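Understanding the architecture of this molecule
Letter by letter, the chains look like this.
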Amino acid sequence: LAAPVGTTSDTRPASPQQRKQWKNNGFNVQIGGTLLGGNIDFQTLNSSLSYNLNVENNQFFIDAGNIFTKAGENVIANRLNASALYAYNVRDNFNIYGYSTHTYDSSIKLDYRLTNGVGVCLHKIASPIFKLFLVSLGGATENEWFQSNIKEFTFRSVLRLNVILPISDSVEFGVDSFYTPALPNINDYRLYGEAFAQFKVIPDRLSFRIS
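Model, not experiment: these values are computed from the prediction.

A word on the packing of aromatic side chains
Per the counting criterion, the structure on display carries 6 aromatic pairs. Ring centres of phenylalanine 178 and tyrosine 192 lie 5.5 Å apart, and the angle between their planes is 25°; this geometry places the pair in the stacked category. Of this pair, phenylalanine 178 sits in strand β9 (residues 171-181) while tyrosine 192 sits in strand β10 (residues 189-202); the two residues are 14 residues apart in sequence, bridging distant segments of the chain. Since its relative accessible area comes to 6%, phenylalanine 178 is described here as buried.

Notes on empty space enclosed by the protein
Inspection of every chain in the model, using the stated rule, returns 2 cavities of 30 Å³ or more. In this model, the largest cavity occupies a volume close to 100 Å³. As for the largest cavity, its lining consists of Thr11, Arg12, Tyr99, Thr115, Ala140, Glu142, Arg156, Val158, Phe178, Thr180 and Arg190. For the lining of the largest cavity, the elements supplying multiple residues, two or more each, are β7 (132-146), β8 (151-166) and β9. By residue class, the composition of the lining of the largest cavity is 4 nonpolar, 3 polar and 4 charged. What the second largest cavity holds in volume is close to 40 Å³. Around the second largest cavity, the lining residues are Arg12, Ser15, Pro16, Gln17, Leu85, Ala87, Asn95, Tyr97 and Cys121. Those elements that place two or more of their residues in the lining of the second largest cavity are β4 (74-91) and β5 (94-105). For the lining of the second largest cavity, the class distribution of residues is 5 nonpolar, 3 polar and 1 charged.

Regarding the pattern of salt bridges
Once their charged atoms are close, side chains differing in charge can pair, the charge on each being opposite to the other. Taken as a whole, this structure holds 9 salt bridges when the rule is applied. Ionic pairing is found between arginine 113 and glutamate 144, a salt bridge with its closest N-O pair at 2.9 Å. Taken as a pair, arginine 113 in strand β6 (residues 110-122) and glutamate 144 in strand β7 lie far apart in primary sequence, 31 residues in all. This pair shows no difference in class: arginine 113 is buried, exactly as glutamate 144 is. Here arginine 160 makes a salt bridge to aspartate 176, at a shortest N to O gap of 2.9 Å. Pair noted here: arginine 160 is in strand β8 and aspartate 176 is in strand β9, with a separation of 16 residues, a long-range link. The exposure class assigned to aspartate 176 is buried, which follows from its relative accessible area of 12%. The structure contains a network of salt bridges with shared partners spanning Arg113, Glu142, Glu144, Arg156, Asp188 and Arg190.

So, the pairing of β9
With respect to burial, β9 is a largely interior element, 8 of its 11 residues being buried. Pairing geometry for β8 and β9, over 8 bridges, is antiparallel. Paired with proline 166 across the bridge in β9 is glutamate 172. With antiparallel pairing between neighbouring strands as the criterion, β8 and β9 make up a hairpin whose turn holds 4 residues. For β9 and β10, the ladder comprises 11 bridges, and the chain directions are antiparallel. Looking at the pairing, aspartate 176 lines up with glutamate 194 of β10.

Some points on the sheet that holds β10
The antiparallel open sheet is built from 11 strands, whose spatial order is β1-β2-β3-β4-β5-β6-β7-β8-β9-β10-β11. Each edge of the open sheet carries a strand with a single partner, namely β1 (25-36) and β11 (206-210). Each neighbouring strand pair of the sheet contributes to a mean axis angle of 15°, computed without reference to strand direction. Bridge count between β5 and β6: 11 bridges; the pairing is antiparallel. Bridge pairing in β6 places serine 100 opposite asparagine 116.

Reading the values: the criteria
Residues numbered from 1 in each chain as written. Predicted model: local features only at pLDDT ≥ 70, side-chain atom pairs only at ≥ 80, totals over all residues. Heavy atoms only, no water. Phe/Tyr/Trp six-rings, centres within 6.5 Å; stacked < 30°, edge-to-face > 60°. Helix = DSSP H or I, 4+ residues; strand = E, 2+ residues; numbered from the N terminus. Buried < 20%, exposed > 50% of the residue type's maximum accessible area, 1.4 Å probe, protein only. 1 Å grid on protein atoms, 1.4 Å probe; cavity = no way out; pocket = protein on both sides within 12 Å on 5 of 7 lines; lining within 4 Å. Points joined across faces, edges and corners; volume = space filled by probe spheres on them. Nonpolar A, V, L, I, M, F, W, Y, C, P; charged D, E, K, R; others polar. Salt bridge = Lys/Arg side-chain N within 4 Å of Asp/Glu carboxyl O. Pairing = 2+ DSSP bridges. Axes fitted to C-alpha atoms, helices over the stretch in contact; angles between N-to-C directions.

Structure follows, in structure tokens:
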């Protein structure tokens, strides 16, 4: 059996600059699934919810989602996650933020993971060459409760780099990565990276992405 172990949203919400932002406030919900019967028995359910509120220099974001996959009597993936993010725009290219994430993931026998963090973010670097060039640095507490009655607490430093570089009017490349060493034991760390190439098929309507 194969299952996703986790993604960046489990421990750190996406920054405001990576999101679609509403002028005042907005709400988005997506739900999808699969149900196959007969000589096979297969079910999936995937959902996501997001809310954004902007009040002058204050931005609030709430996100939630799930991944569920079941084949026969075997639950292959069952993950729930939610997060809240607050950002205060000190300047046009600089903000301070605080966040909280909440995760349940049966595939890694995780009953509950709670992270709470704060930090600073510098963005709009090397504009307009880069569509996005963002660097953030912060710290976060991480509590984990596993089904085997193991409880873990870690304080982590969080360094994040997110870059989107347009190559032409129809092609752009991007990289999103973060490094989270535990303190003071920096040999305990998480390193996440994702790169993509995106090609516009119909301007402002349809794009093709390889990641």
